[in-house]
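# Structure assessment
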Amino acid sequence: MTSYALQPRVAPRLPGAFGTRRSLRLVERNIVSYRRMWLLFLTGALEPIFYLLSLGVGLGQLIPNVTGPGGGPITYVHFVAPALLATAAMNGAMYDATFGIFFRLKYGKVYEAVLATPLTPPDIALGELAWCLMRGGFYAVAFTIVAAFFGVLASPWAVLAIPAALLIGLGFAGLGMAIATFMKSWQDFEVVNLLMMPMFLFSTTFFPLGVYPRGLQLFVEITPLYQGIEIVRGLMLGVVGPSLLLRCLYLAVMALGGLAIAARRFGKLLTA
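Residues numbered from 1 in each chain as written. Predicted model: local features only at pLDDT ≥ 70, side-chain atom pairs only at ≥ 80, totals over all residues. Heavy atoms only, no water.

## Description of the overall build of the chain
Selection criterion: The secondary structure listing takes helices from DSSP runs of H or I that are at least 4 residues long and strands from runs of E that are at least 2 residues long, numbered from the N terminus. Categorising residues by exposure relies on relative accessible area from a 1.4 Å probe, with only protein chains included: less than 20% of the type maximum marks a residue as buried, more than 50% marks it as exposed, and the intermediate range marks it as partly exposed. In what follows, a contact means two residues having at least one pair of non-hydrogen atoms within 4.5 Å. Accessible surface area values rest on a Shrake-Rupley calculation with a 1.4 Å probe, where residue burial reflects the displayed protein chains alone. Note that His is not counted, nor are the chain ends; the positive residues are Lys and Arg, and the negative ones are Asp and Glu. Every charge is mapped onto a representative atom, which is NZ of Lys, CZ of Arg, CG of Asp or CD of Glu.
Looking only at helices and strands, the chain has ten helices and two strands in total. In sequence order, the chain lays out its α and β elements as α-α-β-β-α-α-α-α-α-α-α-α. Over its C-alpha atoms, taken along the principal directions, the chain stretches across nearly 90 × 40 × 35 Å. For the chain, the residues scored as buried account for 47% of the 272 residues in total. Taking the contacts inside the chain whose residues are at least 6 apart along the sequence as the reference set, 80% of them involve residues at least 24 apart. When the accessible area of the chain is evaluated, it comes to approximately 13800 Å², of which 70% is carbon and sulfur surface. Averaging the coordinates of the 19 positive side-chain charges in the chain and doing the same for the 10 negative ones gives two points 8 Å apart.

Laid out in structure tokens, this is it:
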């Protein structure tokens, strides 16, 4: 009687411009890898909460009302809380999309091992994007719970603040991944900090746009964090208009553009 060895079925390695469902395996790998590094998630979630407690709730008692997105006066804590939520989503996505991916690409050699499986470079890019989005979303949910405790969710539209924060995280994750694929050494992260710190300080996080000179205002208005802050601030304060859709489109294009660049760069770096 003749016996035939059963050959394992291997999923075809379809290229896919933006990856396939196989990318979820990389998300699973990251979850398992980070289960012993939960402190990293905790510290990242606490940072914007500390800002809210110290500046919004504490110092805010001494600051008069500021001009809100609708033109009317609002308290300082209502002004700064949406900005800190957007910043939390940015930080959670951006840092893992740059530091984490650079380490796994250059030193951990994780992606070279991943390519020994049916996953493709676009799958790697999509999986990492999903993972960064999960981290940014975790930060956003944690902050929103604390913000709700202090009563800064002033509108029913605030229920959309977390989806908006996820969109912010998606945009910055795509941008961060694209940047990480061009980095050569750890010193290149100075460029990342140089990009993020001015956005954090000047994108109407702590001060209204009108306090800046007009030249600086024009620069702030084109930054991605400003788009995210305006979306979340408008939702949390109930000032909703068509301009928010354009800002959402801005972040969506940034996410797709970053994902496309990262997918191509992964293919070039890992299959050369």
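And the narrative resumes.
## Quick word on the packing of aromatic side chains
We apply this condition: Each Phe, Tyr or Trp ring (for Trp, its six-membered ring) is paired with any other whose centre lies within 6.5 Å, and the angle between the two planes then decides the class: stacked below 30 degrees, edge-to-face above 60, tilted in between.
Evaluation of the coordinates by the stated rule reveals 13 aromatic pairs. Judged by centre distance (4.0 Å) and plane angle (15°), the rings of F99 and F189 are stacked. Taken together, the positions of F99 in helix α3 (residues 76-106) and F189 in helix α7 (residues 189-202) put the pair 90 residues apart, joining distant regions of the chain. A relative accessible area of 3% means that F189 is categorised as buried. Residues Y111 and F266 carry aromatic rings whose centres are separated by 5.2 Å and whose planes lie at 70° to one another, so their mutual orientation is edge-to-face. One end of the pair, Y111, is in helix α4 (residues 110-114); the other, F266, is in helix α10 (residues 242-271), and 155 residues separate them in sequence.

## Observations regarding α3
The test is simple: By this rule, a helix spans an expected 1.5 Å times one less than how many residues it contains.
The first and last C-alpha atoms of α3 sit 44 Å apart over 31 residues, in line with the 45 Å expected at 1.5 Å per residue. Counting buried residues along α3, 27 of its 31 residues qualify, which places the element largely inside the surrounding structure.

## Regarding the packing of helix α1 (residues 24-34) against helix α5 (residues 121-149)
Threshold: Axis geometry follows a simple rule: fit a line to the C-alpha atoms, using only the stretch in contact for helices, then measure angles between N-to-C directions, giving values from 0 to 180 degrees. For classification, angles of less than 35 degrees are called roughly parallel, those exceeding 145 degrees roughly antiparallel, those between 65 and 115 degrees roughly perpendicular, and all remaining angles oblique. Note on convention: near helix rotated counterclockwise from far helix by under a right angle means a left-handed crossing. Clockwise means right-handed.
As a packed pair, α1 and α5 sit with axes 8 Å apart at the nearest point and diverge in direction by 50°. If you check the angle between α1 and α5, you find them oblique. The interaxial crossing formed by α1 with α5 has right-handed handedness. Packed against α1, whose contacting residues are L26, V27, N30, I31 and Y34, the element α5 presents I124, G127, E128, A130, W131, M134 and R135 at the interface.

## Observations concerning the layout of surface pockets
Put simply, the rule reads: Here a cavity denotes a set of grid points, spaced 1 Å apart and computed over the protein atoms alone, in which a 1.4 Å probe fits but from which it cannot get out, and a pocket denotes an open set meeting protein on both sides within 12 Å along at least five of seven lines; residues with an atom within 4 Å of a point are reported as lining. Grid points are joined across faces, edges and corners, and a volume is the space filled by probe spheres set on the points. Throughout, the ten residues Ala, Val, Leu, Ile, Met, Phe, Trp, Tyr, Cys and Pro are labelled nonpolar, Asp, Glu, Lys and Arg are labelled charged, and all others, Gly among them, are labelled polar.
Within this model, the second largest pocket holds a volume of roughly 200 Å³. As for the second largest pocket, its lining consists of 14 residues, and the residues nearest its centre are E47, N91, Y95, M197 and F200. For the lining of the second largest pocket, the secondary-structure elements that each account for two or more residues are α2 (38-58), α3 and α7. Examining the composition of the lining of the second largest pocket, we find that six residues originate from one element, α3, more than from any other. Residue composition of the lining of the second largest pocket, by class: ten nonpolar, three polar and one charged.

## Notes on the nonpolar core
Test applied: In this description, a nonpolar core means a group of buried Ala, Val, Leu, Ile, Met, Phe, Trp, Tyr and Cys residues linked to one another through side-chain atoms lying within 4.5 Å.
Grouped together as the largest cluster of nonpolar side chains are 45 residues, with contacts concentrated most on L85, F172 and V232. Residues in contact with L85, not counting those within four places in the same chain, are A140, F143, T144, A161, A165, V232 and M236.

## What to know about the packing of α3 against helix α6 (residues 161-180)
Between α3 and α6, the least distance of the axes is 8 Å, while the angle of their chain directions is 30°. By the angle between their directions, the pair α3 and α6 is classed as roughly parallel. Our pair here, α3 against α6, has a crossing hand that is right-handed. In this structure, α3 uses L85, A86, A89, M90, A93, M94, A97, T98, I101 and F102 to contact α6, whose residues at the interface are A161, A165, I168, G169, F172, A173, L175, G176, M177, I179 and A180.

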